[in-house]
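# Remarks on the overall topology
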Amino acid sequence: MVGRAYFRTKEPYVSADTETTTPPCRAAGEDETLRLMAVHAHPDDESSKGAASMARYARSGVEVLVVTLTGGERGDILNQAMDRPEVRANLPRIRMEEMARARDILGVQQQFLGFTDSGLPEGDPPPPLPEGCFALVPVEQAVEPLVRAIRSFRPHVMLTYDENGGYPHPDHIQCHRVSVAAFEAAADPDRYPDSGELWQPLKLYYFATFHQARFTALHEEMVRRGLDSPYAQMIADWEKRAADRAELEITTRVSCGDYFETRDKALLAHATQIDPDGFWFACPREVQRAAWPTEDYHLARSLVDTELPEDDLFAGVREKVCL
Ligand SMILES: [Zn+2]
């Protein structure tokens, strides 16, 4: 594929012949450690989206911080074995403990921002969102603690969800809005002046985890090996919907097959949310490594020059930070 060079302006991209703007970022010092921040809606999201790439970057010396916006208080118990009264009664505390285990397995840092899970409204029509939940907090107000976290951790690269939230949970959609707004506001002296020293992250990515090409490749490899694929229906549904739904363009594929086991252990640490016999573990790891050994991303904003497609979230950043 022919590489494409992009420079950043207020719009996500303009072509290479347009004048570049000077990023308003503080000059990075020599030998500065690279830092990656992944912003997620609930505890467990970090283990199902980008977990293997985070583990890989953390092992290579990158500082990685997971920011979890809500406590996941309204998550359903999705693992039969954990659906017990004493678990239900203590779910917020248990989810925090699960998160701490997943954090240690992935080898990352983690911070809760303290918003309240909105729950996934189900029914037709769906019930109103509960008062005080994260999805009802005005964006301007919800952005402040994330701006504070960005200014404190000073990430070079940020990861979050696309405008559809990856899946239509109101907290995921709000997570997208808040992350994009914080990426823009963290270096703006007029925004949140009392929330820390200005910092401009250099790249913003959206997770592209659940896409058709990946599941098709997994399906075909399972069939080729004579295994029962659980993905046939899902792929058929996808094909039906394809006409009215554009998939996120994959700009960046991070090779991380060696960390799929770490990812799976982190997922299992979220014992109330993850069924060990369920969807997440339906495809053997060796099939995944053979058919699709990457985690994938969409580059949504960049203040550094880079060429697409990329195989590194820090492409264009390493050169700037570590020279
Ligand atoms: Zn979630």
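This text follows the structure it describes.
In what follows, the accompanying structure is described.

A word on the coordination of the zinc ion. Taken together, the protein ligands of the zinc ion are His-42 (ND1), Asp-45 (OD), Asp-45 (OD) and His-172 (NE2), with distances of 2.1 to 2.7 Å. Around the zinc ion sit four donor atoms; with metal-centred angles ranging over 53 to 144°, the donor geometry is irregular. Of note, the donors binding the zinc ion are all from one chain and are spaced H-x2-D-x126-H. Take Asp-45: its relative accessible area is 4%, and that puts it in the buried class.

Taken across its nine residues, strand S9 (residues 294–302) has nine buried, putting it largely inside the fold. With five bridges connecting them, strand S7 (residues 203–207) and S9 associate as antiparallel partners. Bridge assignment links Tyr-206 to a residue of S9, and that residue is His-298. Here four bridges tie strand S8 (residues 252–255) to S9, and the two strands are oriented antiparallel to one another. Directly across from Arg-253, in S9, lies its bridge partner Asp-296.

Axis separation between helix H2 (residues 51–59) and helix H9 (residues 260–269) bottoms out at 8 Å; the angle between their running directions is 115°. Considering the relative orientation of H2 and H9, their crossing is right-handed. Contact residues: Ala-51, Ala-52, Ala-55 and Arg-59 in H2; Phe-260, Thr-262 and Arg-263 in H9. Of the residues in the contact of H2 with H9, the class split is four nonpolar, one polar and two charged.

Judged by nonpolar contacts, the single largest core of 64 residues is most densely connected at Leu-36, Met-37, Leu-146, Leu-159, Leu-313 and Phe-314. Not counting residues within four places of it along the chain, the set of residues in contact with Leu-36 comprises Met-54, Tyr-57, Val-62, Glu-63, Val-64, Leu-65, Phe-153, Val-157, Leu-159, Leu-313 and Phe-314. Membership of the second largest hydrophobic core comes to eleven residues, among which are Ala-217, Cys-283, Val-287 and Ala-291.

Moving on, we come to the pattern of salt bridges. Across all of its chains, the model carries 20 salt bridges by this definition. Salt bridges sharing common partners tie together Glu-261, Arg-263, Asp-264 and Arg-285.

Within the secondary structure layout, Leu-106 lies in helix H4 (residues 91–106). In this structure Leu-106 touches Glu-46, Ser-47, Ala-51, Met-54, Ala-55, Ala-58, Arg-59, Thr-262 and Ala-266, once residues within four positions along its chain are discounted.

To continue, consider the packing of aromatic side chains. Within this structure, the stated rule accounts for eleven aromatic pairs. Ring geometry for Phe-215 against Tyr-231: centres 5.1 Å apart, planes inclined by 70°, an arrangement best described as edge-to-face. Here Phe-215 is found in helix H7 (residues 212–224), whereas its partner Tyr-231 is found in the loop between H7 and helix H8 (232–241), with 16 residues between them in sequence. With a relative accessible area of 2%, Phe-215 lands in the buried category. A relative accessible area of 4% means that Tyr-231 is categorised as buried. Its guanidinium or amino end placed over the ring of Phe-215, Arg-214 lies 5.0 Å from that ring's centre, counting from NZ or CZ. A cation over an aromatic ring shows up here: Arg-263 above the ring of Phe-260, its NZ or CZ 4.3 Å from the ring centre.

Below, the discussion takes up the side chain of Glu-98. Mapped onto the elements of the fold, Glu-98 is located in helix H4. Look past the residues within four positions of Glu-98 in its chain and what remains in contact with it is Ala-269, His-270, Ala-271, Thr-272 and Gln-273.

What follows is about the sheet that holds S9. The strand order across the open sheet built from seven strands is S5-S4-S3-S6-S7-S9-S8, with neighbouring strands paired in mixed fashion. One side of each edge strand has no neighbouring strand; the edge strands of this open sheet are strand S5 (109–115) and S8. For this sheet the average axis-to-axis angle between neighbouring strands, irrespective of direction, equals 25°. Strands strand S4 (63–70) and S5 of the sheet are contacted by H4, whose axis makes an angle of about 155° with S5.

This paragraph deals with the packing of helix H5 (residues 139–153) against helix H6 (residues 170–185). Axis separation between H5 and H6 bottoms out at 8 Å; the angle between their running directions is 55°. The orientation of H5 relative to H6 falls into the category oblique. The handedness of the crossing between H5 and H6 is right-handed. Residues Val-139, Ala-142, Val-143, Leu-146, Val-147, Ile-150 and Arg-151 of H5 touch H6, and the partners they reach there are Gln-174, Arg-177, Val-178, Ser-179, Ala-181, Ala-182, Phe-183 and Ala-185. Within the contact of H5 with H6, the residues separate by chemical class into eleven nonpolar, two polar and two charged.

Thresholds applied
- Residues numbered from 1 in each chain as written.
- Predicted model: local features only at pLDDT ≥ 70, side-chain atom pairs only at ≥ 80, totals over all residues.
- Heavy atoms only, no water.
- Donors = N, O, S within 2.8 Å, 3.2 Å for Na, K, Ca; no water.
- Tetrahedral: all angles 85-135°; square planar, octahedral: opposite > 155°, others 65-115°.
- Buried < 20%, exposed > 50% of the residue type's maximum accessible area, 1.4 Å probe, protein only.
- Helix = DSSP H or I, 4+ residues; strand = E, 2+ residues; numbered from the N terminus.
- Pairing = 2+ DSSP bridges.
- Axes fitted to C-alpha atoms, helices over the stretch in contact; angles between N-to-C directions.
- Left-handed = near helix turned anticlockwise from the far one by under 90°.
- Contact = heavy atoms within 4.5 Å.
- Nonpolar A, V, L, I, M, F, W, Y, C, P; charged D, E, K, R; others polar.
- Core = buried A, V, L, I, M, F, W, Y, C linked by side-chain atoms within 4.5 Å.
- Salt bridge = Lys/Arg side-chain N within 4 Å of Asp/Glu carboxyl O.
- Phe/Tyr/Trp six-rings, centres within 6.5 Å; stacked < 30°, edge-to-face > 60°.
- Lys NZ or Arg CZ within 6 Å of the ring centre and 35° of its normal.
- Parallel < 35°, antiparallel > 145°, perpendicular 65-115°, else oblique.

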